[in-house]
Amino acid sequence: MARGNADVLFKKNSKLESFLKRTLPEEAFERVRGYEACIIVTEKENKGFKYCVLDDEYIYQAENPPKSREDLQVMVPLKEIISVDLVIMSTKGIFISFILSIYNSARIVL
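Model, not experiment: these values are computed from the prediction. (Residues numbered from 1 in each chain as written. Predicted model: local features only at pLDDT ≥ 70, side-chain atom pairs only at ≥ 80, totals over all residues. Heavy atoms only, no water.)

**Q** Kindly report on the sheet that holds strand β1 (residues 34-40), identifying the contributing residues and their values.
**A** The strands making up a sheet are joined through hydrogen bonds of the backbone, oriented either antiparallel or parallel. Pairing within the open sheet is antiparallel, and its four strands lie in the order β1-β2-β3-β4. Because the sheet does not close on itself, it has two edges, and the strands there are β1 and β4 (72-77). In this sheet, neighbouring strand axes are inclined to one another by 30° on average, regardless of whether the strands run parallel or antiparallel. Here strand β3 (residues 58-62) runs beside β4; their pairing, made up of five bridges, is antiparallel. Opposite Q61, over in β4, you have Q73 as the bridge partner. Its contacts with the sheet put helix α1 (residues 14-23) on β1, β2 (48-54), β3 and β4, and the angle it makes with β4 is roughly 85°. (Pairing = 2+ DSSP bridges. Helix = DSSP H or I, 4+ residues; strand = E, 2+ residues; numbered from the N terminus. Axes fitted to C-alpha atoms, helices over the stretch in contact; angles between N-to-C directions. Contact = heavy atoms within 4.5 Å.)

**Q** Any details on the state of the cysteines? Residues and values, ideally.
**A** Where two cysteines share a covalent bond between their sulfur atoms, that bond is called a disulfide. Evaluated as defined, the whole model comprises zero disulfides. With no disulfide of its own, C38 lies closest to C52 among cysteine sulfurs, the gap being 3.5 Å. Judged by its relative accessible area of 18%, C38 is buried. (Disulfide = S-S within 2.5 Å. Buried < 20%, exposed > 50% of the residue type's maximum accessible area, 1.4 Å probe, protein only.)

Right, dumping it as structure tokens:
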């Protein structure tokens, strides 16, 4: 897994990393830049706690905890992203309504 000087700030998840190493081809695993636990909102699932995995070409979605190859799905190619907004989680319910408003306007939030 490729990492830069920010390793100190990066919290490791050894279970997710070993899953990625087992399921991805070696060259794809080397392109992984990072991952983060996220709340994912889709048409099929309302507010699922999953992992977002970022590599050089795609953002993947992984189940929490991932068990099989089917638990890792491509969410979006990076070349299709036109903007990214930083969302700071609030202890109040404000952040969920903010996410839903962005999701409904067809923007990607990381």
